[in-house]
Structures are given as C-alpha cells and as structure tokens.
2 protein chains.
Amino acid sequence: MKRIGLVVAYDGTNYCGWQTQPNGITVQGVLNDTLSELLGEKIETIGASRTDAGVHALGNVAVFDTNTRIPGEKISYALNQRLPEDIRIQMSEEVELDFHPRYCDSEKTYEYRILNRKFPVPTERLYSYFYHYKLDVDKMREATSYLIGRHDFASFCGSGAQVKTTIRTVTGIEVFREGDMVTIRVSGTGFLYNMVRIISGTLIEIGNGQYPPERMQKILDAKDRSAAGPTAPAQGLTLMGIQFFD
Amino acid sequence: MKRIGLVVAYDGTNYCGWQTQPNGITVQGVLNDTLSELLGEKIETIGASRTDAGVHALGNVAVFDTNTRIPGEKISYALNQRLPEDIRIQMSEEVELDFHPRYCDSEKTYEYRILNRKFPVPTERLYSYFYHYKLDVDKMREATSYLIGRHDFASFCGSGAQVKTTIRTVTGIEVFREGDMVTIRVSGTGFLYNMVRIISGTLIEIGNGQYPPERMQKILDAKDRSAAGPTAPAQGLTLMGIQFFD
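Rules behind the numbers
- Residues numbered from 1 in each chain as written.
- Chains lettered and ligands numbered in written order.
- Predicted model: local features only at pLDDT ≥ 70, side-chain atom pairs only at ≥ 80, totals over all residues.
- Heavy atoms only, no water.
- Phe/Tyr/Trp six-rings, centres within 6.5 Å; stacked < 30°, edge-to-face > 60°.
- Helix = DSSP H or I, 4+ residues; strand = E, 2+ residues; numbered from the N terminus.
- Salt bridge = Lys/Arg side-chain N within 4 Å of Asp/Glu carboxyl O.
- Buried < 20%, exposed > 50% of the residue type's maximum accessible area, 1.4 Å probe, protein only.
- UniProt positions renumbered as here; feature names shortened; annotations may be inferred.
- Contact = heavy atoms within 4.5 Å.
- Buried area = accessible area lost by both parts, 1.4 Å probe.
- Pairing = 2+ DSSP bridges.
- Patch = residues over 30% accessible without salt bridge, like charges linked within 9 Å, V, L, I, M, F, W, Y side chains within 5 Å.
- Areas by Shrake-Rupley, 256 points an atom, 1.4 Å probe, with all protein chains shown as cover.
- Lys, Arg positive; Asp, Glu negative; His and termini not counted.
- Charge placed at Lys NZ, Arg CZ, Asp CG, Glu CD.
- Least-squares fit on C-alpha atoms with pLDDT ≥ 70 in both.
- Arc of directions from axis to C-beta.
- Polar contact = N/O pair within 3.5 Å; in protein donor to acceptor, adjacent residues only side chain to side chain.

**Observations concerning the packing of aromatic side chains**
This model, assessed by the stated rule, comprises 15 aromatic pairs over all chains. Judged by centre distance (5.1 Å) and plane angle (85°), the rings of A:Tyr110 and A:Phe191 are edge-to-face. With A:Tyr110 in strand E5 (residues 106–116) and A:Phe191 in the loop between strand E9 (181–188) and helix H4 (195–207), this residue pair connects regions lying 81 residues apart in the sequence. Ring centres of B:Phe99 and B:Phe244 lie 5.0 Å apart, and the angle between their planes is 80°; on these two criteria the pair is classed as edge-to-face.

Spelled out as structure tokens, the structure:
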C-alpha cells in the first residue's frame, strides 16, 4: 500500500464543486471514478481544498491510497489520458503514508480576478467577474492592510459553515491591475467558507468609492457577516496553489 | 437610412465561424437575427474579418444599414441585453454611408497564444494551443524578421482560397513569453486564408529546434503551401482589433 499525492488543475465551470455529492458531477467524483478505472481498485481521494461550484484551481492537492505498481510520478500521465479536458493533473508522486492534505500545516494562495472595463469580454467571462464601475486599486490595497495577520474573520464567513473558531491568519494580500484586469491575490494558512469571495466583494465596495478603506477595520470588529460586502461570484476565484510545511 | 458600425468581441468556441452559413450557428447569423428582432427590420451585417470556426475576436468590425431612430451609440447597450454571453458589442456608432469594412484601407492585429509547459492548464484550453516541447522565443523572433514587409505569402495561404494575388504586407510581428504563455502578435494590411495560423505553426517548428530561423526565407521563396509548417489550431487565435485609414 502506498499513498499518492496529486496536484490537480481544473476549470470549475461545469462542476458542482470539488466534493463528491449524490446529485451533480464533481471534480472529486470524476477523479475517483477515473482513478478506480485506471488502477482497477476502488479509489477515494481526499482533497486539500473543497472548492465551491464554479471555482477554478491551478493547484489543488489530493491524496489517495493504492496497491498499484505504477510508479507515483507516472500516474499523472496515465490519468491525464483518461480525464476530461477540464481536469488536468500537474504532478503526481508518492508521499508519506501519514500525509493528510487537510490536517497538515499549509499556506493556500487564491486569486480573485475582476474584469474592470466598460463592456464584458466574452473570452474572459468564465474566469473573471465583470465589473463596470471604475475600481481604485490604491484604495483597495489600503483596505487590505487591515486584514493581514491573525484576526477573527467572522464577518467574512459564509452562512451555513460550522467551525469551532473563526480566527484565521492571512499571510498576504496583493491587489494589482494589468490593463483591465484587477487581481486580488490572498494567501493564508486557513480560510473560512467563502472567505476570499466575501473579502473580494467587500474590496469592490471600497474600490468603487462606496466605503472608505478604514471601514475594513469596522467590518472586522463587527464579527458579523452582514457588516461585510456581498460574496463575489464563483467564476472569478481560482485556487492558485498550496504550500505544505512539515 | 443610416449605416452603423459595431466593434464586436466574441468567444468563437461555440460558433462555426463568423460568416452566415446554411448549417451551423455563426456569429454573423446570431448578430443578424438579434439586430433584426431589436430594430424590427431585416438586418444584414457585413464583417471586416470572416474569422474561422473556433477563432476568437476582441475587436472585429461590422456594419449594417437601418432606419431605426435609436442613436448609433446606444445600439451597443440594447444589443448586449439580447445577445448571448459569448458575443459582446464593445462600441457602436453611426458611420459614413459609403464605409465598407472590407474595401477600406486598414490594419488588422491578431494574436496567437501558445501555452508552453509540461501539462495543459484547463482554464486556458479554449483560448490557447497547448504545446509541450520548450519553445525558443529568440529563434522564433529571428524567424519573424523575414516575414515583415511586402511579400508573396503563397506558402502561407490555406488551400481552397481563391484570391487574385497572394502578395500581402505584414507591418509587424512580435513574439514574447509571459510565464508559460508564448504570444505571436501579427499586424498587417491584409491576410490570406489561415495565414496567421500557418505562420504560427511554422514558427513553432522553428522554436522547437526542428528548423533554423533562416528557413523562413526558403519557405517564402518556395511560394508553395507544403513548404511551410502545419496550420496551428483555431482556438489559439484571436483577432485583437482593426484600425481603419481614410
């Protein structure tokens, strides 16, 4: 028996998120079925991040146990030949048998992309959120300074989540514009349900001038979801990668 | 009666190209139908570039004649409310009655995007050509120097095209890499059928080391399609914009 780790990229457009569910096609479901077929045994993957419907990934991480003789690093090639085009394994390797991608110290990096111009661009519609009103990136950047570090992010936690604590550590946030595309890049050691999308929705309300950057501190202090801005739409979000520490 | 000019962006993935045809959905067909419904009269657009199936556009140009009282610059908004999400008008305005987007002096700019890395990225699959072997951008750039200017591009003309002359003028070609993405940007006052895709396919054969940059001159001199490289796939190509001169 060995444990294999995968780095998984996917276009979330056509999936009901990562996690297997009884109704609807999920990335994990397709991965489990394809691996089971390839290896001739029942495979159950465990994902590091259970991304929501419509959210994309360049570097989600999953592990599974297998008795196969195929070397770990070859599994990516065999798997990519069988997977649909919107899921692509970037790397596979054998990992320690006790490596668990959710109970390990790690840092995740997400990017939220906002297409900020007069009219939408069709070729960007599936991978960004179109926003018409001009965003002031300097104000957004100023607002992010309140979020960096260890805080109670209760105001940025989507409803329906059951967690022991809403304290999380954001290790970095960058906001930058390249042409018409404004990107919010957030790194942290853990995230609450919808946290990056609520941070993004709140930063948009600051970037458009509706609220000043200092409001971010008041929103944090409120510890109340209703204090923050809306949850920005799923298609703008991509899980860029996960770094693990031992 | 007035003539309206449109700047049209589209995701070509789900269309059988620009031009109306009896079988299959085309960008022009959808545009004609949507305009006819909006304006209550039979509208026939004329496009500047009849892009192929799967090719994208940020700035194709079309004109049509109408008796509507809607001001030219408002038509974009009304039209975008009725068009599918993969077609978006970027601008509309009244133009001279004798303006014809194909019989006017103009310069078109295309970009061909090549994702050059070990494994494909699902979110790029519809808008770039995945190519595994490492491309040498310096060699590709050297090869483009032979193409700039007025030449007989018969070697870069797709079969099935009926044209009086295969002489065309390429005003500029840039090749650049941003991370894993190699972009070939070609501008010219006119293009032959599949010309940018054949140039791109040929540049890939030079970038991968199969042929030296100087071969480009021999290919031009041959005036024979079989001397050049393959036609690179449609999804990598985007018509970026068209500039008109009077």
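Now that the structure is up, let's keep going.
**Here's the deal with the pattern of salt bridges**
Residue and element names in this part refer to chain B. Summed over all chains, the structure comprises 18 salt bridges over all chains. Here Arg3 and Asp65 are joined by a salt bridge, their closest N and O atoms 2.8 Å apart. In this pair, Arg3 is assigned in strand E1 (residues 2–10) and Asp65 in strand E3 (residues 56–66), connecting sequence segments 62 residues apart. A relative accessible area of 13% means that Arg3 is categorised as buried. Ionic pairing is found between Arg185 and Glu174, a salt bridge with its closest N-O pair at 3.4 Å. Of the two residues, Arg185 sits in strand E9 (residues 181–188) while Glu174 sits in strand E8 (residues 167–178), which places them 11 residues apart along the sequence. What makes Arg185 partly exposed here is its relative accessible area of 26%.

**Quick look at the UniProt feature "domain: Pseudouridine synthase I TruA alpha/beta" (unreviewed entry) in chain A**
Residue and element names in this part refer to chain A. Following the UniProt record, one finds the feature "domain: Pseudouridine synthase I TruA alpha/beta" (unreviewed entry) at residues 7–103 and 143–244. Structurally, residues 7–103 is divided into 22% helix and 27% strand, and its ends, taken at the C-alpha atoms, are 17 Å apart. Across residues 143–244, helical content stands at 23% and strand content at 31%; the span's end C-alpha atoms are separated by 28 Å.

**Some words on the interface of chain B and chain A**
Chain B puts 25 residues into the contact, and the matching count from chain A is 25 residues. Together, the buried faces of chain B and chain A total about 2,000 Å²; carbon and sulfur atoms form 63% of this surface. For the pair chain B and chain A, the number of links is two salt bridges. Across the salt bridge formed by A:Asp11 and B:Arg125, the nearest N and O atoms sit 2.8 Å from each other. Residue assignment for the side of chain B that touches chain A shows that the elements contributing at least two residues are E1, E3, helix H2 (75–82) and strand E4 (87–95) of chain B. Per element, the largest residue contribution to the side of chain B that touches chain A is five residues, and it comes from E4(B).

**As for the pairing of E9(B)**
Residue and element names in this part refer to chain B. Counting buried residues along E9, seven of its eight residues qualify, which places the element largely inside the surrounding structure. Taken together, the eight bridges between E8 and E9 define a ladder with antiparallel strand orientation. Across the sheet, Arg177 pairs through a bridge with Val182, a residue of E9. The turn linking E8 back onto E9 is made up of two residues, and Gly179 within it adopts a positive phi angle of 65°.

**Focus: a negative patch on the surface**
On the surface, a cluster of negative charge is contributed by A:Glu73, A:Glu93, A:Glu94, A:Glu96 and A:Asp98. Its place among the elements puts A:Glu73 in the loop between strand E3 (56–66) and helix H2 (75–82).

**Digging into unusual backbone geometry**
All names here are of chain B. Positive phi, normally seen in glycine, also occurs at Asn194, with a value near 65°. Counting through the fold element by element, Asn194 comes out in the loop between E9 and helix H4 (195–207). The phi dihedral of Lys223 falls on the positive side, at around 50°, and the residue is not glycine. Tracing the backbone shows Lys223 in the loop between helix H5 (215–222) and strand E10 (237–244). Relative accessible area serves as the criterion here: at 47%, Lys223 is assigned to the partly exposed category.

**As for the relation of the copies chain B and chain A**
At an RMSD of 0.0 Å, chain B and chain A line up after a rotation of 180° and a shift of 0.0 Å along the axis. Between the two chains, the operation in question is that of a two-fold axis.

**Here we look at the UniProt feature "active site" (unreviewed entry) in chain A**
All names here are of chain A. As recorded in UniProt, the feature "active site" (unreviewed entry) lies at Asp52. Of the residues examined, Asp52 reaches a relative accessible area of 22% and is grouped as partly exposed. With near-sequence residues (within four places) excluded, Asp52 lies in contact with Gly17, Tyr193, Asn194 and Arg197.

**Section: helix H3 (residues 137–144) of chain A**
All names here are of chain A. Among the residues making up H3, those that are buried are Val137, Met140, Ala143 and Thr144. Down the axis of H3, the buried side of the element spans an arc of 120°, and every buried residue falls inside it. Next to the buried residues of H3 lie E5, strand E8 (167–178), E9, H4 and helix H5 (215–222). You can read the cap of H3 off the contacts: a side-chain oxygen lies 3.0 Å from the backbone nitrogen of Asp138, and it is on Asp136.

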